[in-house]
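Chain residues, written in single-letter form:
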Amino acid sequence: MNKELQLCGEANYETVALIAKAVSGMYHLTALPAVDIDMVELAVVEIGNNAVEHAYEERAGHQLWAGFKCNDNRVTITISDCGSSMPKEIVEELQQRDIPELDPDDPSTWNTSGRGFGIINQVMDEVLYYQEDGKNHFRMIKHVTP
């Protein structure tokens, strides 16, 4: 069964939250366990928030696009923007990033910033960043195991 959804809205944190909820709703139509759905929703929030914060530097008046496709064996989510692109070296470093360890005795490890790509890399099976048609695209794939 193939399903597809395309969304577009102003690039802000509220729109990212709406996109994540829409993706979560579509994900409920797949064979994925509920815990995976929540984690994929979190990955969408992390990528969307990064676009708002870094690609657009939180400036109003820009667009954010999201595409969701699923079939019987995989779900593909693409978040796109027209903001500043990331250098190849940074993309390669982010694709290798793990979630930083928390040390209960060291408050400097408690930062909420800097964990997004570690979460995305752990949650998703494939993550690809590319530029095409004047846009930056983050494509995330989650394999569905029946």
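This is a predicted model, so every value here is computed, not measured.

Definitions and limits used
- Residues numbered from 1 in each chain as written.
- Predicted model: local features only at pLDDT ≥ 70, side-chain atom pairs only at ≥ 80, totals over all residues.
- Heavy atoms only, no water.
- Helix = DSSP H or I, 4+ residues; strand = E, 2+ residues; numbered from the N terminus.
- Buried < 20%, exposed > 50% of the residue type's maximum accessible area, 1.4 Å probe, protein only.
- Contact = heavy atoms within 4.5 Å.
- Areas by Shrake-Rupley, 256 points an atom, 1.4 Å probe, with all protein chains shown as cover.
- Phe/Tyr/Trp six-rings, centres within 6.5 Å; stacked < 30°, edge-to-face > 60°.
- Expected span 1.5 Å × (residues − 1).

K.L.:
Explain the overall build of the protein chain here, please?
P.N.:
Counting its regular elements, the protein chain contains 4 helices and 5 strands. Helices and strands in the protein chain line up, N terminus first, as β-α-α-β-β-α-α-β-β. Evaluated residue by residue, the protein chain yields a buried proportion of 40% over its 146 residues. A sequence separation of at least 24 residues applies to 63% of the contacts in the protein chain between residues at least 6 apart. Looking at the protein chain as shown, the accessible area adds up to about 8,400 Å², and 51% of this sits on carbon and sulfur atoms.

K.L.:
Got a minute to help me understand the packing of aromatic side chains in this structure?
P.N.:
Given two aromatic rings, their pairing is described by the distance between the two centres and the angle made by the two planes. As enumerated under the stated definition, the model contains 2 aromatic pairs in all. Here the aromatic rings of Y27 and F68 are separated by 6.0 Å at their centres, their planes lie at 65 degrees, and the arrangement is edge-to-face. Of this pair, Y27 sits in helix α1 (residues 13-27) while F68 sits in strand β2 (residues 63-70), placing them 41 residues apart in sequence. The same class applies to Y27 as to F68, namely buried.

K.L.:
What's the story with α1 in this structure? I'm lost.
P.N.:
For an α-helix the count is 3.6 residues per turn, leaving residues at separations of three or four pointing the same way. Here α1 is 15 residues long and its end C-alpha atoms lie 21 Å apart, about the 21 Å a rise of 1.5 Å per residue gives. Those residues of α1 that fall on the buried side of the exposure criterion are T15, V16, I19, A20, V23, S24, M26 and Y27. If you follow the buried residues of α1, they end up packed against β1 (3-10), α2 (34-55), β2, β3 (74-81) and β5 (135-143).

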